[in-house]
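# Architecture and fold: a report
One letter stands for each residue in the lines below.
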Amino acid sequence: MAKSIFPVPGGTWAGMTEQQVTTARNAAQAALLALLNGTRPMSAGYTQGDGGRNVTFAGASETQLRNNLRELNALLGVGTPRRAMRIYFR
């Protein structure tokens, strides 16, 4: 039986339990979908009687989100198919 890697021993996700890693992966997937759908604003503004306000968000790029998802999926053992078996004749 394989030994559990939770809590994660080191790296970016050190100390996280399996449930926390799963929650982080779900949040990363939602952020990627929002970015790809264009529903995640990069800047927002409004005007009041005394002036206007403008806020700009520093969002993650698609590449950063995809790499983040790969790391989380690897920790959870999702999306890492076995390598094809090859037969070698000698």
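Model, not experiment: these values are computed from the prediction. (Residues numbered from 1 in each chain as written. Predicted model: local features only at pLDDT ≥ 70, side-chain atom pairs only at ≥ 80, totals over all residues. Heavy atoms only, no water.)

### Some details on the nonpolar core
Residues Phe6, Val8, Trp13, Val21, Leu72 and Leu75 are the most contacted members of the largest nonpolar core, which totals 13 residues. Of all the secondary structure elements, the ones that give two or more residues to this core are α1 (18-37) and α2 (62-76). With five residues, the single largest contributor to this core is α2. Setting aside residues up to four positions removed in sequence, valine 8 forms contacts with Trp13, Ala14, Gly15, Met16, Val21 and Leu75. (Core = buried A, V, L, I, M, F, W, Y, C linked by side-chain atoms within 4.5 Å. Buried < 20%, exposed > 50% of the residue type's maximum accessible area, 1.4 Å probe, protein only. Helix = DSSP H or I, 4+ residues; strand = E, 2+ residues; numbered from the N terminus. Contact = heavy atoms within 4.5 Å.)

### Quick look at the confidence of the model for the protein
A low pLDDT means the predicted coordinates there should not be read in detail. Residues at a pLDDT of 70 or more form 82% of the protein, whose mean pLDDT is 79. Between the elements of the protein, mean pLDDT differs from a low of 71, seen in strand β1 (residues 43-48), to a high of 87, seen in α1. (pLDDT = per-residue confidence, 0-100.)

### So, the packing of α1 against α2
Look at α1 against α2: their axes get within 9 Å of each other, and the N-to-C directions meet at 155 degrees. Taken together, the axes of α1 and α2 are roughly antiparallel relative to one another. By crossing handedness, the relation of α1 to α2 is classed as left-handed. Taking contact as the criterion, the partners of Glu18, Val21, Thr22, Ala24, Arg25, Ala28, Gln29, Ala31, Leu32, Leu35 and Leu36 in α1 are, on α2, Glu62, Leu65, Arg66, Asn68, Leu69, Leu72, Asn73, Leu75 and Leu76. Counted by class, the contact of α1 with α2 contains twelve nonpolar, four polar and four charged residues. (Axes fitted to C-alpha atoms, helices over the stretch in contact; angles between N-to-C directions. Parallel < 35°, antiparallel > 145°, perpendicular 65-115°, else oblique. Left-handed = near helix turned anticlockwise from the far one by under 90°. Nonpolar A, V, L, I, M, F, W, Y, C, P; charged D, E, K, R; others polar.)

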